[in-house]
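Results of the structural survey
Take a look at the letters that make up each chain.
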Amino acid sequence: MNHSAKIVVMSIITGIAGLMFSFSPAGISIEENIGLDLLFKLRGERKVPPNVAIIGMDERSCVDLNLPLQFNKWPRSLHTRLISYLTAQEASVIIFDINFAGSVSKSVDQEFAQMIQKAGNVVLYEHLQKKHSPLQDGTGTINGILNIEERVPPLEILAQSAAALAPFPLPKVPVKVSQCWAFKTGAGDIPTLPVVAFQFFTLDAYPDFIRTIKHFNSDLAMKLPGSKTEIIGEKTTRELIITLRNEFLKNPVISNQMPVSIEGSLPSSGMVKNEQKMVQSLINMYRLSDSFYLNFYGPPGTIPTVSYAQVLWQENQRETGQKPINFKNKAVFIGHSDQVVPNKKDGFYTVFSQSSGIDISGVEMAATAFANFEENMPIRIISPAVRAAIIVICGVILVVICHFLRPGFVILSILVMGSLYSTFILYRFTFYGHWYPLVIPLFFQPVLAFLGTAAWKYADIRKDRQDVRRALGYYLPDNLADQLVKNISKNKETRQIIHGTCLFTDAGQYTTMSEAMDPQTLHRFMNEYYKILFEQVKKHRGIVINVVGDAMLAIWAKNYSDDNFKYDACAAALDISKASFEFIDYKENIRFPTRIGLHHGDIMMGDVGAGDHYEFRPTGDIVNTASRLEGLNKYLGTNILVAAQVIDQVTGFVTRDVGRFYLVGKSKAVRVHELVCRMENATDRQRLICKLFSKALQAYQNQAWEDAIDYFNRTIRIAGQDGPSLFYLKQIEKRRRLPGDEIHDDGIRMEQK
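The text that follows walks through the structure, step by step, so that each part is easy to find. On a predicted model such as this, the values are computed, not experimentally measured, just so you know.

1. Overview of the pattern of salt bridges
A full pass over the atoms with the stated rule returns 23 salt bridges. Close ionic contact of Lys-228 with Asp-204 constitutes a salt bridge, the shortest N to O distance being 2.4 Å. You can see Lys-228 sitting in helix α10 (residues 228–234) and its partner Asp-204 sitting in the loop between α7 (193–201) and α8 (206–216), a full 24 residues away along the chain. When its relative accessible area of 30% is taken as the criterion, Lys-228 is described as partly exposed. We note a salt bridge from Arg-678 to Asp-575, for which the minimum N-O separation is 3.1 Å.

2. Describing the packing of aromatic side chains
Here the structure, examined in full by the defined rule, presents 32 aromatic pairs. Consider the rings of Phe-198 and Phe-201, whose centres lie 6.4 Å apart with planes at 25°: the pair is stacked. One end of the pair, Phe-198, and the other, Phe-201, are both in helix α7, three residues apart, so they sit about a helical turn from each other. Phe-198 sits in the buried class, given a relative accessible area of 1%. The class of Phe-201 is buried, set by a relative accessible area of 5%. Here the aromatic cluster, defined as three or more aromatic residues joined through ring pairs, consists of Phe-661, Phe-693, Tyr-700, Trp-705, Phe-712, Phe-727 and Tyr-728. Between Arg-656 and the ring centre of Phe-693, over which it is positioned, the NZ or CZ distance is 4.6 Å. It is Arg-749 that lies over the ring of Tyr-662; its NZ or CZ is 3.9 Å from the centre.

3. Looking at the side chain of Ser-577
Looking at where Ser-577 falls in the secondary structure, it is placed in helix α22 (residues 563–587). Classification of Ser-577 by relative accessible area gives buried; the value is 16%. With sequence-adjacent residues up to four places away left out, Ser-577 is seen in contact with Ile-596, Asn-639 and Ile-640.

4. With respect to a positive patch on the surface
A cluster of basic side chains, namely Lys-691, Lys-695, Arg-714 and Arg-717, defines a positive patch on the protein surface. Mapped onto the positive patch, the elements with two or more residues apiece are α25 (684–701) and α26 (705–719).

5. Thoughts on empty space enclosed by the protein
Here the structure, examined in full by the defined rule, presents four cavities of 30 Å³ or more. Of the voids in this model, the second largest cavity is the one considered here, and its volume is about 40 Å³. Along the walls of the second largest cavity sit Arg-628, Gly-631, Leu-632, Tyr-635, Leu-663, Val-664, Met-750, Gln-752 and Lys-753, which together make up its complete lining.

6. Some points on helix α17 (residues 407–432)
Under the 1.5 Å per step criterion, the end-to-end length of α17 is 37 Å for 26 residues, consistent within 8% with the ideal 38 Å. The complete set of buried residues in α17 reads Val-410, Ser-413, Ile-414, Met-417, Gly-418, Tyr-421, Ile-425 and Phe-429.

7. Looking at a nonpolar patch on the surface
Taken together, the side chains of Val-392, Val-396, Val-400, Phe-404, Leu-405, Phe-409, Leu-412, Val-416 and Leu-420 present a nonpolar region at the surface, about 790 Å² in accessible area. Of all elements in the fold, only α16 (384–404) and α17 reach the threshold of two or more residues within the nonpolar patch.

8. Brief notes about unusual backbone geometry
Unusually for a residue other than glycine, Asn-66 sits at a positive phi of about 55°. Topologically, Asn-66 is positioned in the loop between α3 (59–64) and α4 (76–88). With phi around 65°, Gln-649 is a residue other than glycine that occupies positive phi space. Tracing the sequence through the fold places Gln-649 in the loop between α24 (644–647) and β23 (653–662). A relative accessible area of 62% places Gln-649 in the exposed class.

9. Some points on the pairing of strand β2 (residues 93–96)
Side chains Val-93 and Ile-95 of β2 all project onto a buried face; the interleaved residues Ile-94 and Phe-96 project onto the opposite face, where all are buried too. In this sheet, strand β12 (residues 331–336) lies alongside β2 in parallel orientation, the contact comprising four bridges. Across the sheet, residue Ile-95 finds its bridge partner in β12, namely Phe-333. Bridge analysis of β2 against strand β3 (residues 122–125) gives three bridges, and the strand direction is parallel. Counterpart to Phe-96 in the pairing with β3 is Leu-124. As a crossover connection, the stretch from β2 through helix α5 (residues 106–119) into β3 is right-handed.

10. A look at the sheet that holds strand β11 (residues 305–307)
Note: strands within a sheet are paired through backbone hydrogen bonds, in either parallel or antiparallel orientation. Reading across from one edge, β6-β3-β2-β12-β1-β11 is the order of the six strands in this open sheet, with parallel pairing throughout. The open sheet terminates on both sides in strands that have one partner only, identified here as β6 (164–166) and β11. Each adjacent strand pair in this sheet contributes to an overall mean axis angle of 25°, direction not counted. For strand β1 (residues 52–57) and β12, the ladder comprises six bridges, and the chain directions are parallel.

11. Some words on the side chain of Asp-550
On the secondary structure map, Asp-550 appears in the loop between β18 (543–548) and β19 (551–558). Those residues in contact with Asp-550 that sit more than four places away from it in its chain are Thr-505, Asp-506, Ala-507, Tyr-510, Met-526 and Tyr-530.

12. What about the packing of α26 against helix α27 (residues 723–736)?
At a minimum axis distance of 9 Å, the contact between α26 and α27 shows a crossing angle of 160°. What the angle tells us is that α26 and α27 run roughly antiparallel. Handedness of the crossing formed by α26 with α27: left-handed. In this structure, α26 contributes Trp-705, Glu-706, Ala-708, Ile-709, Phe-712, Asn-713, Thr-715 and Ile-716 to the contact, and α27 contributes Ser-725, Leu-726, Tyr-728, Leu-729, Ile-732, Arg-735 and Arg-736.

13. Looking at the environment of Leu-692
Counting through the fold element by element, Leu-692 comes out in helix α25. Taking relative accessible area as the criterion, Leu-692 reaches 5% and is therefore assigned buried. Between the C-alpha atoms of Leu-692 and Tyr-711, which are 19 residues apart in sequence, the distance is 6.1 Å.

Conventions we followed
Residues numbered from 1 in each chain as written. Predicted model: local features only at pLDDT ≥ 70, side-chain atom pairs only at ≥ 80, totals over all residues. Heavy atoms only, no water. Salt bridge = Lys/Arg side-chain N within 4 Å of Asp/Glu carboxyl O. Helix = DSSP H or I, 4+ residues; strand = E, 2+ residues; numbered from the N terminus. Buried < 20%, exposed > 50% of the residue type's maximum accessible area, 1.4 Å probe, protein only. Phe/Tyr/Trp six-rings, centres within 6.5 Å; stacked < 30°, edge-to-face > 60°. Lys NZ or Arg CZ within 6 Å of the ring centre and 35° of its normal. Contact = heavy atoms within 4.5 Å. Patch = residues over 30% accessible without salt bridge, like charges linked within 9 Å, V, L, I, M, F, W, Y side chains within 5 Å. Areas by Shrake-Rupley, 256 points an atom, 1.4 Å probe, with all protein chains shown as cover. Lys, Arg positive; Asp, Glu negative; His and termini not counted. Charge placed at Lys NZ, Arg CZ, Asp CG, Glu CD. 1 Å grid on protein atoms, 1.4 Å probe; cavity = no way out; pocket = protein on both sides within 12 Å on 5 of 7 lines; lining within 4 Å. Points joined across faces, edges and corners; volume = space filled by probe spheres on them. Expected span 1.5 Å × (residues − 1). Pairing = 2+ DSSP bridges. Right-handed = clockwise from strand over helix to strand, strands pointing away. Axes fitted to C-alpha atoms, helices over the stretch in contact; angles between N-to-C directions. Parallel < 35°, antiparallel > 145°, perpendicular 65-115°, else oblique. Left-handed = near helix turned anticlockwise from the far one by under 90°.

What follows is the structure in structure tokens.
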């Protein structure tokens, strides 16, 4: 196959694979949960339309007004006052996202209903209740279950007084909410709260809306109410919406006849720009599918939210002359919304949910949908044809890049292409609400194109090498031909300096135990012992380098400094000590303590050996010092000793400084610490032991022998048996016998391993 044919085939494979994945349930889910989330986060917060506000029933209001935390139990007289105040403030529409089920007080309910009737612009929440009805045949046999959603209106007197009723169903966590219903199919395609609120909000532009409908479809205009007054007086907002929705569904031609933008497409009608915008938004709302993707404005509270108590306080202060909160010509949503206290009942997990547990409330979701309608910018998925074209074009470009450029330039070119595409789709998302595919063309297809092209090139290279090997075989011996093809003749010594932590372990009394056990039993026992050590090293991302007898060497290393390796090595050391102790208890009659030493720094990794035998292993001072620290445990009566470099910049562990030591064969002193335990596991007794020992060591270094003896003895009394304290008491006895000019405080010299 020639080069051009390969590019065509690989482009087809990449394009088809991208298309199949893009339109699969998994691809759609990934684009929604990763791609859409990423677009929101890259965009950040955006400006909220000025004509929407929320009055939040929050915990602060409960405290200020001395009300119960159950918001549906608040006195309805408060809502009466609130409607009165909002009416005086000339709010355009008032929406209650509260379930007013049941009667509280007949007189209070009547006053509330009268105020709702008087306002004439109040939309109330209508509950949806799932109902399961069995389907039976003529014999009474149940053949299935019919699931329906039954409307449960609020208290009858309130429902009759309201301008309209509407539900607002949303899925609950752990489902992440990205969409909401515009029209609820399971309940008979009824409009939801944001749709009803927006239709009512735009009634001032209703005459222009009717003229627009009449211009494109006069028959439909004849079926609709003639004026805003007729709609409000007869309370037919929902019926109007259902009629329009049904006509748009039954006659797609109506929707298709209306242009995406009515500006400049109608005869002069005297419509101002704001009225044009409202009419256009209404038309596009009816074009939506039953559910749509919400165009969130930001984290919880981004939509202006005023505490319920603050509004009532403002209502009480009307006579003081203070400037009131402006609700004029606004759609005011009222419901539970708290930006301080997490609410699991009415909070919905979204892309902007906070790490503190604060989610976007149901009432803010409704306000978000309303605001999307007003500015005519919910999230709109691009058409399948455009989506497919983007996937195919991206696939072709990626394959061409991967075939013709070197790997370094391939990555650079993909990054440049990705940056340009990301900038374009982010611009469209931010200013138009258009949602283009992100994850598949930027992540899935580049990987597929790169790996596919690399695999194809590898197959070509492999075939070329086989051809070369076959040709060389005609002229050269087989072994020499193999070496030439595989480049074995260029056998260079490999060495590399890495930065890391070295851990060395040794089992006590191994010699005694090996004498007492037969080889087979010893072999089985050591395998079990090393199994628990290896598990802890692997658990903490370390690598076991070598095992000799009862000793193990492990490292945590990279070619750059990483303090996480020091933490992991310390955690592994503590877990090894604990696991080996439990292993001893399990064996009961066999004591097999494990001593551990750790050091950190530059390590040489390379081949060690000569002739025909080499081992790839670490060498250098760090490895040697870790081994010496392990041996120092025998003299200090400790389990884990680490050099000061290991715990530098590392937190989360309790350690104690046990002094400076000249280890066997070393000319420089090493500051040594005992690794005691994790910080969260430390007891008061351990902390006190470390504190007393620190004072004892300081007195020792200052040659204040009596104070040092006192502190060491106090440490022993609390610890019961403290190896480092006993070690230093012996050192004090030795140093007291030395002449003054022979006493040096720069460290203790160890003569044995």
